[in-house]
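The chain contents come next:
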Amino acid sequence: MSETQKKFYLTTPIYYVNARPHIGHAYTTIAADVIARRHRLLGDDTFFLTGTDEHGQKIERSAAAAGIPPQQFADQVSASFENLWKRMGITNNDFIRTTDARHKRGVQKLFTTLQANGAIYLDTYTGQYCISDEAYVDGPPGVVCPDCGNVTETVSESNYYFKLSEYGDRIAQLIESGQLNIQPDSRRNEVLSFVKGGLKDLSISRTSFKWGIPVPGDESHVIYVWLDALANYMTALGYGSDDPADIARFEKYWPADLHLVGKEIIRFHCVYWPAFLMAANLPLPKAITAHGWLLFEDSKMSKSRGNIVRTETILDAFATLKPKPVDLPGAVLSDEYWKHQQDLFASDVLRYFLLREIPFGQDGSFSFDALVQRYNSDLANGYGNLVSRTLSMITKRGGLITEDKIAALDPNFMANDVLSYSVIAQTIQETEFELEKLSFAAALSKILSLIAMADGYMTQYTPWKLVSSPDPIDQHKAEFILGSVARMIRIITALLYPVMPYATAKVWAQLGLGSIEEAASKGELKDLQWGGLKSGTKLGPLAPIFPRAPKELIQIMNDMEQPTAPQKPDQPVDLPHVNSDHDAAVLKPSAFREAPISSLSATPALNPIAQSIHPISAHHPQPIPAQAAAPATPDTPTIAIDDFVKIDLRVARIIVAERIPKADKLLRLEVDLGYEKRQILSGIAEWYTPEELIGRKIVVIANLAPRKMRGLESHGMLLAASHDDHGKPILATFAEDIALGSRLR
Ligand code: MSP
């Protein structure tokens with residue numbers, strides 16, 4: 001790094017390994033890659049980090065559900081992230097895993113530093129415990145368990161606490177002074193009001209599970225997952241190592257210039273993380289930017305796979321558009337090489353779409369229709385068409401970019417041009433400004449205005465007509481117009497490069513400019529000027545960049561997202577996107593929760609051995625016998641239809657499912673009834689994991705009076721069938737799609 005060269009250290013959140021990546025994860029990684037590429041082309045010594053977050057109870061449980069050790073489970077899922085980023089051409093400089101030895105060492109060092117600085121103390125939590133239910137109960141000593149009626153006992157559990165309460169004023173001051181730059185402003189205000197509401201000390205160890213980094217010197221505790229996870233930003237650089245190369249890297253790049261995160265984890269990054277760093281006397285990150293959530297439109301696709309869109313679906317589908325380019329003479333290029341080229345092309349499409357479609361910082365809906373539509377309008381018909389028609393006309397005339405002769409020949413020629421040099425120069429500046437602010441959608445819309453300007457210019461002067469005119473002046477005009485548009489294409493392409501590195505590399509080579517990566521590293525893509533495409537430049541070989549996407553592609557992607565066969569137990573399972581270990585300030589977008597382990601199609605609509613249908617309440621179920629005896633003929637009293645209609649049975653979808661701390665049998669569910677969302681507590685924790693439930697369509701008794709359990713309101717009941725009072729309750733569901741809120745009659 002030269003003395004004048006700036007460094008730029010950029011991170012993504014490290015992704016949980018309880019589920020394979022989906023386009024929500026890709027969204028953050030893509031945005032970070034765009035930022036990293038832009039900083040590199042500006043000449044900054046850029047370090048871009050991503051990785052995986054692999055500890056915690058959630059992952060321990062997921063591994064147990066898959067029947068494999070947690071490390072093996074984490075290895076598999078972490079590899080699926082790393083491989084996807086490679087497939088997409090992501091240019092991260094490192095990939096950190098929290099199970100790496102380098103990370104564990106760094107986290108333990110951070111913990112001991114915090115201890116040595118007096119920021120940690122051991123304290124005991126005392127509460128009422130129901131031995132029979134193995135659950136904590138709120139209330140004074142001797143309170144009776146609301147579930148089983150037994151008298152509770154007083155128990156104590158010790159935890160390490162971090163003195164977070166001491167940092168509120170300093171954090172508020174840092175945020176208000178702008179030293180800690182939180183973007184967008186709405187998030188900054190959210191964090192400030194949280195901090196000003198008063199901070200409580202934070203429990204930073206757990207004894208309830210083992211899958212974590214042990215507290216140094218007290219191995220019965222593991223370090224709280226967020227302290228473990230946040231430290232990745234330093235451990236990846238070498239924090240905690242004695243190796244001089246690691247120390248030098250850490251000193252060179254720390255603190256982070258930008259932590260890019262999803263909006264739900266802002267509190268961890270803007271409050272806990274700065275407080276940990278202050279307590280350890282380490283420099284604080286300069287900026288934290290939170291983007292919004294990708295939501296998946298609630299239409300036919302949600303019925304099949306719980307609203308997940310896999311990045312692979314888009315890569316595979318768009319790769320089919322790319323005709324395999326003709327092999328260069330003499331070059332031996334493998335199938336893998338072409339396959340990778342196709343992935344990079346498809347990845348560009350996704351990159352463009354996500355950043356153009358959704359204003360960065362806001363939530364946005366994802367849909368395959370919109371993806372294909374925007375691809376066709378902006379890329380195939382817009383940029384791609386401009387490039388191919390301009391460059392093919394130049395190629396037909398010999399492929400040379402020629403000198404500007406027209407001004408001398410006909411000074412009035414430019415008088416009323418659609419193409420205005422000053423507007424172009426201004427648009428370049430504005431685009432740079434928007435990119436700097438991470439307003440990708442605005443920047444792309446400016447670039448589109450340049451494409452529209454070039455198209456308008458072509459329409460104004462119709463070079464395709466001029467080229468066939470016998471008048472030599474017309475020929476010069478045609479040359480000038482085509483040369484000018486080619487010069488605009490160079491500017492447009494340079495501006496688009498961070499967003500679409502693959503496609504722009506192709507256009508750059510077709511312009512006869514060689515490698516765009518090289519141009520980026522030489523600083524030729526910044527401070528863009530009009531004259532960058534010199535006369536005498538010979539265009540490279542042409543090939544279509546953005547073939548039109550047929551409408552069928554939408555269906556193909558829909559079909560690819562249809563449920564597959566139930567997963568084998570030895571495969572990593574797809575689990576919902578929930579922060580059960582991490583008491584996140586905001587719930588994750590329900591629309592983006594991952595497919596349940598057993599997908600809807602794998603769920604029997606009616607269990608053959610389930611003979612009675614009943615609402616689920618907390619109970620003590622027993623396993624279903626392999627050969628269940630047929631239940632006795634029902635002897636329930638007859639009711640009139642009037643009695644039945646009093647029960648308001650409705651179709652609902654489970655959007656949140658989580659365990660209730662210290663209540664082993666109960667799950668807290670949030671269900672979407674179409675017309676409203678509400679909370680239901682259900683005693684099915686022994687039979688269903690939260691992960692299995694999210695996304696499932698069920699039947700709810702909607703007009704049941706609300707009641708309180710464990711201090712939480714439960715409003716409604718789920719319907720399920722079981723063989724007898726002790727059998728596994730099998731949730732009632734639907735074999736065909738039905739709108740939420742529909743009434744069962
Ligand atoms: N492991 C923690 C982060 C620790 S960082 C020290 C975590 N992991 S996560 O896998 O649940 O998600 C992390 C990030 O993935 C989100 O903050 C966000 O950047 C991205 N996204 C995951 N789902 C997303 C959407 N549906 N939409 C947009 N981004 C999403 O939290």
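Residues numbered from 1 in each chain as written. Predicted model: local features only at pLDDT ≥ 70, side-chain atom pairs only at ≥ 80, totals over all residues. Heavy atoms only, no water.

Some details on the overall build of the protein
Looking only at helices and strands, the protein has 24 helices and 25 strands in total. Contacts spanning at least 24 positions in sequence make up 76% of the contacts within the protein whose residues lie at least 6 apart. Of the roughly 31,100 Å² of accessible surface on the protein, a fraction of 53% belongs to carbon and sulfur atoms. (Helix = DSSP H or I, 4+ residues; strand = E, 2+ residues; numbered from the N terminus. Contact = heavy atoms within 4.5 Å. Areas by Shrake-Rupley, 256 points an atom, 1.4 Å probe, with all protein chains shown as cover.)

Some remarks on the packing of helix H17 (residues 440-461) against helix H19 (residues 472-496)
Working note: a packed helix pair is described by the angle between its axes plus the distance between those axes. Contact pair H17 / H19: the axes reach a minimum separation of 10 Å and the direction vectors enclose 170 degrees. Taken together, the axes of H17 and H19 lie roughly antiparallel to each other. Taking contact as the criterion, the partners of Leu444, Ile447, Leu450, Ile451, Met453, Ala454, Tyr457, Met458 and Tyr461 in H17 are, on H19, Phe480, Ile481, Leu482, Ser484, Val485, Met488, Ile491, Ile492, Leu495 and Leu496. Residue composition of the contact of H17 with H19, grouped by class: 18 nonpolar, one polar and no charged. (Axes fitted to C-alpha atoms, helices over the stretch in contact; angles between N-to-C directions. Parallel < 35°, antiparallel > 145°, perpendicular 65-115°, else oblique. Nonpolar A, V, L, I, M, F, W, Y, C, P; charged D, E, K, R; others polar.)

So, the packing of aromatic side chains
Under the definition given, this model contains 28 aromatic pairs. With 4.9 Å between their ring centres and 55 degrees between their planes, Tyr421 and Trp530 make a pair best called tilted. Of this pair, Tyr421 sits in helix H16 (residues 421-436) while Trp530 sits in the loop between helix H21 (516-521) and helix H22 (552-560), placing them 109 residues apart in sequence. Among the aromatic residues, those joined into a ring-pair cluster are Tyr9, Phe47, Tyr233, Tyr239, Phe250, Tyr253, Trp254 and Trp273. The ring of Tyr239 carries Lys109 above its face, with NZ or CZ at 4.9 Å from the centroid. For the cation-ring pair, Lys728 lies above Tyr688, with the distance from its terminal atom to the ring centre recorded as 4.5 Å. (Phe/Tyr/Trp six-rings, centres within 6.5 Å; stacked < 30°, edge-to-face > 60°. Lys NZ or Arg CZ within 6 Å of the ring centre and 35° of its normal.)

Thoughts on the confidence of the model for the protein
Confidence along the protein averages 84 in pLDDT terms, with 83% of residues attaining 70 or more. Counted against residues more than four places away or in other chains, residues 298-305, with its pLDDT under 50, gives 17 contacts. Segment residues 564-632: pLDDT under 50, and 196 contacts once partners within four positions in sequence are set aside and those in other chains are kept. (pLDDT = per-residue confidence, 0-100.)

So, helix H1 (residues 23-41)
An α-helical turn contains 3.6 residues, so a residue and the one three or four places further along point in the same direction. The end-to-end C-alpha distance of H1, which contains 19 residues, comes to 26 Å, matching closely the 27 Å that a straight helix rising 1.5 Å per residue would cover. Where H1 terminates, the next one or two residues include Gly43, which has phi positive at roughly 100 degrees. (Expected span 1.5 Å × (residues − 1).)

Side note on the nonpolar core
Soluble globular proteins: nonpolar side chains tend toward being buried together. Core analysis: the largest hydrophobic core is formed by 182 residues, its most contacted members being Phe162, Phe318 and Phe366. Contacts of Phe162, omitting those with residues within four sequence positions, involve Leu114, Ala119, Tyr167, Asp201, Leu202, Ile204, Ala275, Phe276 and Ala279. Of all hydrophobic cores here, the second largest spans 20 residues; its members include Leu667, Ile684, Trp687 and Leu731. (Core = buried A, V, L, I, M, F, W, Y, C linked by side-chain atoms within 4.5 Å. Buried < 20%, exposed > 50% of the residue type's maximum accessible area, 1.4 Å probe, protein only.)

Digging into helix H10 (residues 266-279)
Look at H10: 19 Å from first C-alpha to last across 14 residues, which is about the 20 Å you get at 1.5 Å a residue. A maximum bend of about 30 degrees is found in H10 at Tyr272, where proline Pro274 lies one to four positions downstream. Count one or two residues on from H10 and you reach Asn281, which has phi positive near 55 degrees. (Bend = angle between axes of the 7 residues up to and from the residue.)

Overview of the side chain of Arg678
Within the secondary structure, Arg678 sits in strand S20 (residues 677-682). At a separation of 3.2 Å, a polar atom in the side chain of Arg678 contacts the main-chain carbonyl oxygen of His715. Contact partners of Arg678, with chain neighbours within four places excluded, come to Leu669, Glu670, Val671, Leu673, Ala702, His715 and Gly716. (Polar contact = N/O pair within 3.5 Å; in protein donor to acceptor, adjacent residues only side chain to side chain.)

Here we look at the pattern of salt bridges
Considering all chains together, one arrives at 32 salt bridges under this definition. In this structure, Glu432 and Arg38 form a salt bridge, with 2.9 Å as the shortest nitrogen-oxygen distance. Linking Glu432 in helix H16 with Arg38 in helix H1, this pair joins segments that are 394 residues apart in sequence. Classification of Arg38 as buried rests on a relative accessible area of 7%. Close ionic contact of Lys522 with Glu518 constitutes a salt bridge, the shortest N to O distance being 3.8 Å. When salt bridges with common partners are traced through the structure, they connect Asp33, Arg37, Arg351 and Glu517 into a single cluster. (Salt bridge = Lys/Arg side-chain N within 4 Å of Asp/Glu carboxyl O.)

Some words on the side chain of Asp257
Looking at the element boundaries, Asp257 is found in the loop between helix H9 (244-253) and strand S13 (258-262). For Asp257, the side chain forms a polar contact with the side chain of Lys7, separated by 2.7 Å. Aside from chain neighbours lying at most four places away, what touches Asp257 is Lys7, Phe8, Tyr9, Lys286 and Ala287.

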